[in-house]
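What follows is the residue order along each chain.
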Amino acid sequence: MRTASQDDACEVTCVHPEAVARARAGLPDAACVEDATTLLKIIADPTRFRILSALNAEELCVCDLSAVVGISESAVSHQLRLLRAHRLVAFRKEGRVAYYRLLDQHINGLIGGAVDHVRE
């Protein structure tokens, strides 16, 4: 009787050198892999993902984000500092109010794509 792990593995050993070469050529360098996985780890936190999802809809101030996410303004500010340090969000001041937005379309696409993927 075959197990599930046997069903999803090759039944024979046969390496396809051309395919391996193309795949290796497409791999990002080590520094890029490190930076990309760090980015994904930052986004993977549920609170930060909720903040980013809210900002994917529109620009919001810290007070609004606190109300949307359901955590204190202090906790939101802490998370926003981390997100800014990793170049995921930017802010602008209007008087004494700080409005945050996603830094660029790459982040919009990453958040939107993740949500779309799990909803399928």
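Along each chain, the written sequence defines residue order, and numbers are assigned to residues from 1. Local features in this predicted model are restricted to residues of pLDDT 70 or higher, and side-chain atom pairs are both shown and tallied only at a pLDDT of 80 or more, whereas totals for entire chains, interfaces and linings draw on every residue. Where side-chain values are given, they derive from all heavy atoms of the structure, hydrogens and water being excluded.

Trainee: How would you summarise the side chain of Gln79 if you had to cite specific residues and measurements?
Mentor: Strands are runs of DSSP state E lasting at least two residues, helices are runs of H or I lasting at least four, and both sets are numbered from the N terminus onward. With respect to the element layout, Gln79 can be found in helix 6 (residues 73–85). In what follows, residue pairs with any heavy atoms lying within 4.5 Å of each other are defined as contacts. If near-sequence neighbours (up to four positions away) are discounted, Gln79 is found in contact with Asp45, Thr47, Arg48 and Ile51.

Trainee: Outline the packing of helix 4 (residues 46–57) against helix 7 (residues 105–119), listing residues and values.
Mentor: Where helix 4 contacts helix 7, the axes come no closer than 10 Å and their chain directions differ by 110°. Here helix 4 lies roughly perpendicular to helix 7, going by the angle between them. In this structure, helix 4 uses Phe49, Leu52, Ser53 and Asn56 to contact helix 7, whose residues at the interface are Asn108, Ile111, Gly112, Ala114 and Val115. Note on geometry: axes are lines fitted to C-alpha atoms, helical ones only across the stretch in contact, with angles between N-to-C directions running from 0 to 180 degrees. For classification, angles of less than 35 degrees are called roughly parallel, those exceeding 145 degrees roughly antiparallel, those between 65 and 115 degrees roughly perpendicular, and all remaining angles oblique.

Trainee: So what's going on with the sheet that holds strand 1 (residues 60–61)? Which residues, and what values?
Mentor: If you trace the three strands from one edge of the open sheet to the other, you get 1-3-2, paired in antiparallel fashion. The sheet terminates laterally at strand 1 and strand 2 (89–94), the two strands that pair on one side only. Direction of pairing for strand 2 relative to strand 3 (residues 97–102): antiparallel, over a ladder of six bridges. Counterpart to Phe91 in the pairing with strand 3 is Tyr100. Pairing between strands is defined by DSSP: at least two bridges between them are needed.

Trainee: Would you mind going over the pairing of strand 3 in detail, with residue names and values included?
Mentor: Think of it in three bands: residues with accessible area under 20% of the maximum for their type are buried, residues over 50% are exposed, and the middle band is partly exposed, with areas taken using a 1.4 Å probe on protein chains only. Residues Ala98, Tyr100 and Leu102 line the buried face of strand 3, whereas the alternating positions Val97, Tyr99 and Arg101 sit on a face that is not buried. In the sheet, strand 1 pairs with strand 3 via two bridges, with the strands oriented antiparallel. Opposite Cys61, over in strand 3, you have Tyr99 as the bridge partner. Counting the residues that bridge the hairpin from strand 2 to strand 3 gives two residues, and of these Gly95 lies at a positive phi of roughly 65°.

Trainee: Describe the pattern of salt bridges, and please don't skip the residues or the numbers.
Mentor: One side chain can pair with another of opposite charge once the charged atoms of both are near each other. By definition here, a salt bridge exists when the distance from a side-chain nitrogen of Lys or Arg to a carboxyl oxygen of Asp or Glu is within 4 Å. Taken as a whole, this structure holds two salt bridges when the rule is applied. Across the salt bridge formed by Arg92 and Glu59, the nearest N and O atoms sit 2.7 Å from each other. Highlighted residues: Arg92 in strand 2 and Glu59 in the loop between helix 4 and strand 1, separated in sequence by 33 residues. The partly exposed category is assigned to Arg92, whose relative accessible area is 34%. Relative accessible area serves as the criterion here: at 30%, Glu59 is assigned to the partly exposed category. Of the charged contacts in the structure, one is a salt bridge between Glu94 and Arg92, with a shortest N-O distance of 2.8 Å.

Any link to function would need more than the numbers given here.
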